[in-house]
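# Coordinates in review
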Amino acid sequence: MSDTTTTPRTHPLVDGEVGPGCKKVDPIVVADGVVRQFGGLTAVDVAHVEIPRGHITALIGPNGAGKTTFFNLLTGFDRPNQGQWSFEGSSLARVPSHKVARKGMVRTFQLTKSLGRLTVLQNMLLGARDQRGEGLFAALLKPLWKAQEAANVERADQLLARFKLDAKREDYAASLSGGQRKLLEMARALMSEPTLVMLDEPMAGVNPALTQSLLDHVKGLKDDGMTVLFVEHDMHMVRHISDWVIVMAEGKVVAEGPPETIMQDQAVVDAYLGAHHDTDLGTLTNQQVAQIHEEADAERDAELEADGIEAGDEPAATPEPEAPAAEAAPEQRPEEEQR
Amino acid sequence: MKTSSRPRRSGLRRAIAVALAVMAMAAGGATAAAAAPLAETGQPAPYNFNGIVRDGQTPLEGVEITVSGNGVDETVATGADGRWLVGLQEQGTYTVSIDPSTLPEGVTLRDPSFESRELTASSSANGVLFPLGEPTGGGSAPTPSGGTGGNTGTGGEGGTGGTGSSDPGGDAGSGEASTGAASNDFGSKLLARIISGVSFGLLLALAAIGITLIFGTTGVNNFAHGEMLTFGGIAFYAATTLVGLPVWISVVLTLVAAAAFGWFHDAAIFRPLRRRRVGLVQVLIVTIGLSIALRYFYQFLIGGGTEQLRVDRGIVVQVGPVNMTMSNVVGMAVSVVVLLGVGLFLTRTRIGKATRAVSDNASLAAASGIDVDRVIRIVWVLAGVLTGLAGILYTYFIGANIKWDVGFTILLLLFAGVTLGGLGSAFGALVGALVIGLVTELATLFIAPDLRYAVALLVLILVLLVRPQGILGRRERIG
Amino acid sequence: MDFLSILNTAAGEILSPTTAAFALATIGLNIHFGYSGLLNFGQAGFMAIGAYAFAIFTMMVDPTATLGWPSWLSFIAAILVAIVAAVIFALILGIPTLRLRGDYLAIVTIAAAEIIRFTVRTQDLTAVTGGSQGLRGQDYKGDIDAMNPLTGTTYGFGPWTATAYDTWVRIIAWSLVIVALILVWLLMRSPWGRVIKGIREDEDAVRSLGKNVYGYKMQALVLGGTMGALAGVMFILPRAVQPDNFATTMTFYIWTALLLGGAATVLGPLLGSILFWVLLSFTGGLINLLHGLGIFGAMTGSQAGQLRFVLVGLALMALVVFRPQGILGNKKELSFNV
């Protein structure tokens, strides 16, 4: 099915031929055979993928493609059934999430996790690494950590100024708008001086007025020498800022390529437009809601068999009830449970 | 002896002790007068503690009682007529204790804290009660009015209950067992415990399903659920004993009242809280407050003692090597039928399916046109009825009596059952409750009966260690 | 009983060693719930552990008599034993549950506290724990009495008059409260406290910033539990050890005191404990007075006395709905998330 692809065969980032799971010239993350199953359902099944260092990589795909689950696996927030992956050459499989973060791989969350009853500044300071005052006994003796704390405050203030949050410094994070929380979360991640920043849907729920500055901030990260990997639905953002795009569908990496051409890739078209092709959604409205999870699963099973679907189905033909079904897709379950 | 879970400072405690002693004296005066000549001391002591230890109407001989304090440390044994007396040279506060190991097999103190009390000898003869009979398990704080019979003018007699000895099978001293082995070999005992455990487990399941449905649909762990059970018991007690209605009318009335009580929970407390969007942790603490308020309100109503129900427990039937009362046989049958009914309700009816849908995902259910508020209301009413029924059965199970805090003493067992089965799963609650029921009863074969609840809770913790989602829960549900 | 004596008794609660013990337990619970968001419903279990460890060590090992230690050393040793026991208990509780959702900790802690109570009151252990009758005060108060530098008969004035022994216990208990308050104040303004509060808000976020959330939760559990154990020791110094004192009801009173004063504030637990006991004593006295006037008809005095616990329950409900931040809490910094 990749006969009709318009993606170029080679690319400066790629070592060899462009394609799903292709080798990169200078990878920072290399993952092999990562599988995560929920019950009988395979949410993630990534055979091989590499993330290029020093660039902005977008991870896209339809709802339920396993993007967030893959994120959770890479950062240690979820355990895979099997698989290996490494970050800067050292294996990260089964490393707990906080140690992943300490190695310089810091993530944000789809549903913003600003710490509401801490002030913006306290949120920022929490991001700083190797704080002496974070030990139980050292905490009692202020002289031990006073200087380090002052340095961290200074750095936090610089970052807050850069993200235009300096006016909110002493406010509780709960009082910020959705977009400001996204910014705060990003700024907080930067406090730990990461080498790889992983953003889970940075644009979700952001006021359009803030979109441009958020884009600039993400680009700024690359200029500061960091690698960025983000999950996004907003194709505008993907096209504007990413250097490389990885497409997931049904848990697998189905395509890779530069943003200019990736949307013409046949596999991508299949993934996006064929996703709900052969499920009889008309009957779903009359289903008992208790069975919707099972419906979603059945739908997925149907999709798995739906290889080689004709492109050209009208997306508009997808009836409304598709949305709740997609909401219940397994990809999002771990998030819900962590409430 | 204490007034609350926290003993008062000595002054206040003394005041209460004095009040009690006066009460006991008024009650025990007649006995004391009769008992005084029995003292065989050469010089009659100016003051004394005295009483009669009886199990039902049978005086117990050779029970050891110790009085200590103010330089006195004297142990006496009861005579053939169950009487005892310790003479004292001065007024003051003494510790009066009974040695339970000298009680005959199968006889226990109704309230274990009566094993030792601080009492004040303020007049010449001070009657002391040691009520015997069915203990109500690991209950919480006893209260000043704990000694039932204290006001009945029966003096130093034992408790009024003493059903333990009226059961032909004998309760083997385990307190709450409702079945007894007809013969004494291990096999019969085991069988008796298993039947008793299943019976207990079934009644726990009735209440536990209420908890799990409420948790599933609203996310609230209801700490006041034990009080719902007590409500059923007290309503039943009021109908049968205070009003004197026949049992079947009482059962119907109790269930109607319990349904209304469940509805009231939702209408008066939990729906307004949902409207206010009060957080789950807050609601959890509200249920704790509700539990405290209701529990002490019950005590306000019926006092701190164990009240005997005037109901016929039915004939004793012998099933193989096991003795059971008819009421227990009927109770088990009713439990099974009701549990089957609940199962059918949840799987076959529209409302039952809607209930499961709300448990699964409330907002999704709401989006698809289910009236979530209505479902939750129905769940509260259903939980009220089931738990009220459990309350009725529980009063039978523990020997046809009721105490203000019976529900609270088994609340943790209910939670253990629910957690063991997997939070939010009705079928899991059934299985978990049965496991807990069996564990508590079987444990008495191997360890002291007063540790059986501890064993059940230990099983809960161990299971959580190995399988945090419970026996039937889904792994993904755990954060 | 006239109204003045009711006030007098209630005022006496302000400085009573029991109030100090409760304040200490509440400060511990504040570290758990107020700052770390841990739903510990077994604080009474920690108190029981501390009380029994202290009393049993003093009675069984009795270093003063067997090893010839000075009484202060023996006392310190007993306190250390209580702390070690609480730490072990916290580890046993925390290892399986701190990785799970919060309500599991709630169920496991409440169950563990009851296991402790059932265990210490079982007849089989009467030789060690005294069974359901508990342990007599005179059997473990020797050391602390011997350390007492006060030689007079009574100290204080008005409602705060106490015997030399009681005064000595008050001094020790309230000193511990002050130390605990300073400790909490120091910790909560430090980066350690910041991490703990962050975990309360969202542990995944804190984890994503490279903090070992599990380790921090364990530290908080141990620290608060240790304070609970010390509270247990202070609780039994003015009285005997009674297993049923450490029932679930006590845990609930500690929660009420915490929410009354204000969770996640340094002084909230102190204020809450004092108010709780003063109000409980006051309402008890008042109801007694009213009962004496015949307001409650044929009801017995003790039956009427239960009304104040009904009030406790209602107050807890109202408090948590209408003023969840307590008296000292900041309106913005509400004590509940979710």
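These notes cover the structure that comes with them.

Cut-offs applied
Counting starts from 1 at the beginning of each chain's written sequence and moves along it residue by residue. The lettering of chains begins at A and the numbering of ligands begins at 1, in the order of writing. In keeping with the predicted nature of the model, local features appear solely for residues at pLDDT of at least 70, side-chain atom pairs appear and are counted solely at 80 or more, and the whole-chain, interface and lining totals rest on all residues. Heavy atoms from the whole structure form the basis of all side-chain values; hydrogens and water molecules are not counted. By the convention used here, residues are in contact when the closest approach between their heavy atoms is within 4.5 Å. By convention, the term buried area covers the 1.4 Å-probe accessible surface removed from two parts as they join, with the contributions of both added. A pairing counts as a salt bridge when a side-chain nitrogen of Lys or Arg comes within 4 Å of a carboxyl oxygen of Asp or Glu. Strands are runs of DSSP state E lasting at least two residues, helices are runs of H or I lasting at least four, and both sets are numbered from the N terminus onward. Here the term charged refers only to Asp, Glu, Lys and Arg, the term nonpolar to Ala, Val, Leu, Ile, Met, Phe, Trp, Tyr, Cys and Pro, and the term polar to all other amino acids, Gly among them. Grouping into patches uses exposed residues only, defined as over 30% relative accessible area, and leaves out salt-bridged ones; the cut-off is 9 Å for like charges and 5 Å for nonpolar side chains (Val, Leu, Ile, Met, Phe, Trp, Tyr). The accessible surface values rely on the Shrake-Rupley method and a 1.4 Å probe; as for residues, cover is taken only from the protein chains in view. By the counting rule applied here, Lys and Arg register as positive and Asp and Glu as negative, while His and the ends of each chain are not counted. Think of each charge as sitting on NZ of Lys, CZ of Arg, CG of Asp or CD of Glu. Whether a residue is buried, partly exposed or exposed follows from its accessible area with a 1.4 Å probe, protein chains only, as a fraction of its type maximum: under 20%, in between, or over 50%, in that order. Two strands make a pair as long as DSSP finds a minimum of two bridges between them. Here an angle of 0 to 180 degrees is reported between the N-to-C directions of two axes, which are lines fitted to C-alpha atoms, with helices fitted over the stretch in contact. For this analysis, a polar contact is any N or O atom pair within 3.5 Å, provided that within protein one partner can donate a hydrogen and the other can accept it, and provided that sequence-adjacent residues contribute only side-chain to side-chain pairs. By convention, the crossing between two helices is left-handed when the near helix turns anticlockwise from the far helix through less than a right angle, and right-handed when the turn is clockwise. To qualify as a nonpolar core, a set must consist of buried Ala, Val, Leu, Ile, Met, Phe, Trp, Tyr and Cys residues joined through side-chain atoms within 4.5 Å.

Counting residues at the interface gives 34 residues for chain A and 34 residues for chain C. Buried surface at the junction of chain A and chain C, summed over both partners, amounts to about 3,000 Å²; 60% is from carbon and sulfur atoms. The interface formed by chain A and chain C contains four salt bridges. When residues of the side of chain A that touches chain C are traced back to their parent elements, those giving at least two are helix H2 (97-102), strand E6 (105-107), helix H3 (120-127), helix H4 (142-162) and helix H5 (178-191) of chain A. Of the residues belonging to the side of chain A that touches chain C, the class tally is 15 nonpolar, nine polar and ten charged.

Right, let's get into a positive patch on the surface. Residues and elements named next belong to chain B. On the surface, a cluster of positive charge is contributed by Arg348, Arg350, Lys353 and Arg356. Mapped onto the fold, Arg356 is located in helix H8 (residues 350-360). Judged by its relative accessible area of 41%, Arg356 is partly exposed.

We now examine the sheet that holds strand E10 (residues 252-257) of chain A. Residues and elements named next belong to chain A. With respect to topology, six strands assemble into an open sheet ordered E6-E7-E8-E3-E9-E10, the strand pairing being mixed. Because the sheet does not close on itself, it has two edges, and the strands there are E6 and E10. Ignoring strand direction, the axes of neighbouring strands in this sheet form an average angle of 20°. In this sheet, strand E8 (residues 227-231) lies alongside strand E3 (residues 56-60) in parallel orientation, the contact comprising four bridges.

All names here are of chain A. Note: strand E1 (residues 27-38) against strand E4 (residues 82-87), five bridges, orientation antiparallel. Each bridged residue has a counterpart across the sheet, and for Val30 the counterpart in E4 is Ser86. With two bridges connecting them, E4 and strand E5 (residues 90-91) associate as antiparallel partners. In the strand pairing of E5, Ser86 is matched with Ser91. In sequence, E4 turns back onto E5 through a hairpin of two residues, with Glu88 there showing a positive phi of about 50°.

Time to look at the sheet that holds E4 of chain A. Residues and elements named next belong to chain A. Overall, antiparallel pairing links the four strands, which are arranged E2-E1-E4-E5 in an open sheet. Both outer strands of the open sheet, strand E2 (41-52) and E5, are each paired with one neighbouring strand and no more. By the bridge criterion, ten bridges tie E1 to E2 in an arrangement that is antiparallel. When the sheet's bridge partners are listed, Phe38 is paired in E2 with Leu41.

Turning our attention to the pattern of salt bridges. Residues and elements named next belong to chain A. Evaluation of the coordinates by the stated rule reveals 29 salt bridges over all chains. Residues Asp45 and Lys252 are paired through a salt bridge, measuring 3.6 Å at the closest nitrogen-oxygen approach. Here Asp45, found in strand E2, pairs with Lys252, found in strand E10; they are 207 residues apart in sequence, far enough to count as distant. The exposure class of Asp45 is partly exposed, given its relative accessible area of 28%. On the basis of relative accessibility, which here comes to 39%, the residue Lys252 falls in the partly exposed class.

Here the focus is the side chain of Ser208 of chain C. Along the chain, the position of Ser208 of chain C falls in helix H11 (residues 203-208). A distance of 2.7 Å separates the side chain of Ser208 of chain C from the backbone oxygen of Ala205 of chain C, its partner in a polar contact. Among residues more than four places away in sequence, those in contact with Ser208 of chain C are Phe77, Ala101, Val106, Arg107 and Phe109 of chain A.

Residue and element names in this part refer to chain B. Here helix H3 (residues 186-218) crosses helix H7 (residues 326-348) at 35°, and the two axes come no closer than 10 Å. As H3 runs across H7, the sense of the crossing is left-handed. The segment H3 lies against H7, with Ile195, Val198, Ser199, Leu202, Ala205, Leu206, Ile209 and Leu213 engaging Asn328, Met332, Ser335, Val336, Val338, Leu339, Val342 and Leu346. Class assignment of the residues belonging to the contact of H3 with H7 gives a composition of 13 nonpolar, three polar and no charged.

Next up on the list: the nonpolar core. Ranked by internal contacts, the top residues of the largest apolar core, which has 228 residues, are Tyr394 of chain B together with Phe54 and Phe246 of chain C. Of all the elements, helix H12 (residues 213-236) of chain C adds the most residues to this core, at 16 residues. If near-sequence neighbours (up to four positions away) are discounted, Phe246 of chain C is found in contact with Ala44, Met47, Ala48, Ala51, Tyr52, Arg117, Phe235, Ile236 and Val241 of chain C. Listed in part, the 43 residues of the second largest apolar core include Ile60, Leu190, Val206 and Val268 of chain A.

Let us look at the environment of Glu232 of chain A. All names here are of chain A. Take Glu232: it is sitting in the loop between E8 and helix H7 (235-241). Classification of Glu232 as buried rests on a relative accessible area of 3%. For the pair formed by Glu232 and Pro202, sequence separation is 30 residues and the distance between their alpha carbons is 7.1 Å. Those residues in contact with Glu232 that sit more than four places away from it in its chain are Leu59, Ile60, Glu201, Pro202, Met203, Met237 and Val238. A polar atom in the side chain of Glu232 sits 3.1 Å from the backbone nitrogen of Met203.

Looking now at the interface of chain B and chain C. Contacts between chain B and chain C engage 67 residues on the former and 63 residues on the latter. Between chain B and chain C lies a buried interface of about 6,100 Å² when both sides are counted; carbon and sulfur atoms form 68% of it. Put simply, chain B and chain C have three residue pairs in polar contact (both at pLDDT 80 or more) between them. The biggest single contributor to the side of chain B that touches chain C is helix H6 (residues 280-302) of chain B, with 18 residues. For the side of chain B that touches chain C, the class distribution of residues is 38 nonpolar, 19 polar and ten charged.

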